[in-house]
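# Structural description and commentary
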Amino acid sequence: MSLISALSPTLGVIDSGVPPGTALARFHSPSGADPGDRLGHGQAILATLGHYLPLTRLEIALYKLFEERLTANADALAAAFEWQAEVPPAWVLCSLGLPRADTRLQAAVERLQAAGTRIVAASPRFGASVYPAAWPGVIAVSGAAGLMPGPPQRDRDGRWYACVWAGRGLSEEGQVWQPWQVGPPPAGTPPSLGGSSFAVAHALGYWLAESTGEGVVTPEEWSAGSGSVGQSG
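Position numbers for residues start from 1 in each chain and track the written sequence from start to end. A pLDDT threshold of at least 70 governs which residues receive local features in this predicted model, and a stricter bar of 80 or more applies before side-chain atom pairs are shown or counted, although totals over entire chains, interfaces and linings include all residues. Neither water nor hydrogens contribute to the side-chain values; these are computed over all heavy atoms in the structure.

In this scheme Phe, Tyr and Trp rings, the latter by its six-membered ring, pair at centre separations within 6.5 Å, and the angle between planes marks the pair as stacked below 30 degrees, edge-to-face above 60, and tilted otherwise. Within the structure shown, the criterion is met by five aromatic pairs. Taken together, the ring pairs in this structure connect W91, W160 and W207 into an aromatic cluster. Consider the ring centre and the ring normal. A charge sits over the ring if Lys NZ or Arg CZ is within 6 Å of that centre and within 35 degrees of that normal. The ring of W83 has R26 lying over it, and the distance from NZ or CZ to the ring centre is 3.9 Å. For the cation-ring pair, R118 lies above W91, with the distance from its terminal atom to the ring centre recorded as 5.8 Å.

Structure follows, in structure tokens:
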């Protein structure tokens, strides 16, 4: 099913679902499932974004790609991008990548880019390139375990880096233990999630939170200003 807003959404998310009660501008699941998250990954992505800004400020278009496990083939990921391109959002957050380029996926990515959508995609810090992160114009973000939440940093190779740890719950300090806080977690706290997919959420959350009256601060504008950093930390 699809819930279509009259306006283009702020953020397109391709993931495993959202927390209960999350308002969505658009939603689609190939399996016909509801937007609830059985795997917990999508909830953690949104919690990480929520560390930077209230999610109620975003019009979210969710394509529920993961239902049983956190894997997808090229056709499934291409279908997700094609759906997002039907009503192009301002941003698309892609927390995964394919080991090989795919022509159908590339066409959908280029369709979104032509509409003005900025695609922020996870990229491994080491090893071979993944797609869509490796394609021109896609903003690739890798995780760096030594970085705290805050401004993403840009290395000399032009790659963006951000905090690798998934946020938990509310953003207000002290209300929910976060994996980057000093000291051991409270008893019973589940293991921390981490990886480049959450670095993407940290980077995009920061850029969205730096909104101005004219719109969000883009990575290009941030790089040209005081946020430009010469090393990955």
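The interhelical angle for the contact between helix α2 (residues 74–86) and helix α3 (residues 103–114), taken along N-to-C directions, is 20°, at an axis separation of 8 Å. By the angle class used here, α2 and α3 are roughly parallel. Our pair here, α2 against α3, has a crossing hand that is left-handed. Between α2, through D75, L77, A78, A79, F81, E82, Q84, A85 and E86, and α3, the contact on the second element is made entirely by R104, L105, A108, V109, R111 and L112. Among the residues forming the contact of α2 with α3, the class breakdown is nine nonpolar, one polar and five charged. Only the stretch in contact is used when a helix axis is fitted, and all axes are lines through C-alpha atoms; the angle between N-to-C directions ranges over 0 to 180 degrees. Counting from the N terminus, the helices are DSSP H or I runs at least four residues long and the strands are E runs at least two residues long. Throughout this description, any angle smaller than 35 degrees is read as roughly parallel, any larger than 145 degrees as roughly antiparallel, any in the 65 to 115 degree range as roughly perpendicular, and the remainder as oblique. Crossings are assigned a handedness: left-handed for a near helix turned anticlockwise from the far helix by less than a right angle, right-handed for a clockwise turn. Any two residues whose heavy atoms approach within 4.5 Å are treated as being in contact. In this classification, the charged set is Asp, Glu, Lys and Arg, the nonpolar set is Ala, Val, Leu, Ile, Met, Phe, Trp, Tyr, Cys and Pro, and all remaining amino acids, among them Gly, are polar.

This brings us to the pattern of salt bridges. A side chain with one charge can pair with a side chain of the opposite charge if their charged atoms come near. Only one rule defines a salt bridge in this text: a Lys or Arg side-chain nitrogen within 4 Å of an Asp or Glu carboxyl oxygen. This model, assessed by the stated rule, comprises six salt bridges. A salt bridge links E67 to R38, with the nearest nitrogen and oxygen atoms 3.5 Å apart. With a gap of 29 residues between them, E67 in the loop between β3 (60–64) and α2 and R38 in the loop between β2 (26–28) and α1 (41–50) connect regions that are remote in the sequence. A salt bridge links R104 to D75, with the shortest nitrogen-to-oxygen separation between them at 3.7 Å. Of this pair, R104 sits in helix α3 while D75 is found in helix α2, placing the two residues 29 residues apart along the sequence. A single salt-bridge network, built from bridges that share partners, covers R38, K64, E67 and E68.

Moving on, we come to the sheet that holds β2. With mixed pairing, eight strands are arranged side by side in an open sheet as β2-β3-β1-β4-β5-β6-β8-β7. Every other strand in the sheet has two partners, leaving β2 and β7 (153–154) as the edge strands with one partner each. At least two DSSP bridges between two strands are needed for those strands to be called paired. With three bridges joining them, β2 and β3 adopt parallel strand pairing. Within β3, the position partnered with F27 by the bridge is L62. Contacts between helix α4 (residues 196–209) and the sheet are confined to β1 (11–15), β4 (91–94), β5 (118–122), β6 (139–144) and β8 (160–163), with β6 contributing the most and set at about 115° to the helix.

Another point: the nonpolar core. Ranked by size, the top nonpolar core spans 32 residues in total, and within it L11, W91, L93, V120, V141, L204 and W207 carry the most contacts. Elements with a minimum of two residues in this core: β1, α1, β3, β4, β5, β6, β8 and α4. The element contributing the most residues to this core is α4, with nine residues. Ignoring anything within four residues of it in the chain, the contact list for L11 reads L49, L58, E59, I60, A61, P89, W91, L93 and L204. Core analysis: the second largest hydrophobic core is formed by 27 residues, L77, F81, I119 and V138 among them. Nonpolar cores are built from buried Ala, Val, Leu, Ile, Met, Phe, Trp, Tyr and Cys residues. Side-chain atoms within 4.5 Å join them into one set. Exposure classes here rest on a 1.4 Å probe applied to the protein chains alone. A residue is buried below 20% of its type maximum, exposed above 50%, and partly exposed in between.

This paragraph deals with α3. Between its first and last C-alpha atoms α3 spans 16 Å; for twelve residues at 1.5 Å apiece the expected length is 16 Å, and the two agree. Taken together, the buried positions of α3 are L105, A108, V109 and L112. Seen along its axis, α3 keeps its buried residues to an arc of 100°; they face one direction. Looking at α3, the residues exposed on the side facing more than 90 degrees away from the buried face are T103 and A114. Residues of α3 that are buried in the fold lie against α2, β4 and β5. Here a polar contact is recorded for every N or O atom pair within 3.5 Å, except that within protein the pair must consist of a potential hydrogen donor and a potential acceptor, and residues adjacent in sequence are included only if both atoms are side-chain atoms. Put simply, D102 is the residue that caps the front of α3, since its side-chain oxygen is 3.2 Å from the backbone nitrogen of R104. In the segment just after α3, G116 is the residue with positive phi, at about 100°. Take the number of residues in a helix, subtract one, and multiply by 1.5 Å to get its expected span. In this description, one arc is meant: the one made by directions from the helix axis to the C-beta atoms.

Any functional reading would require information that these geometric values do not contain.
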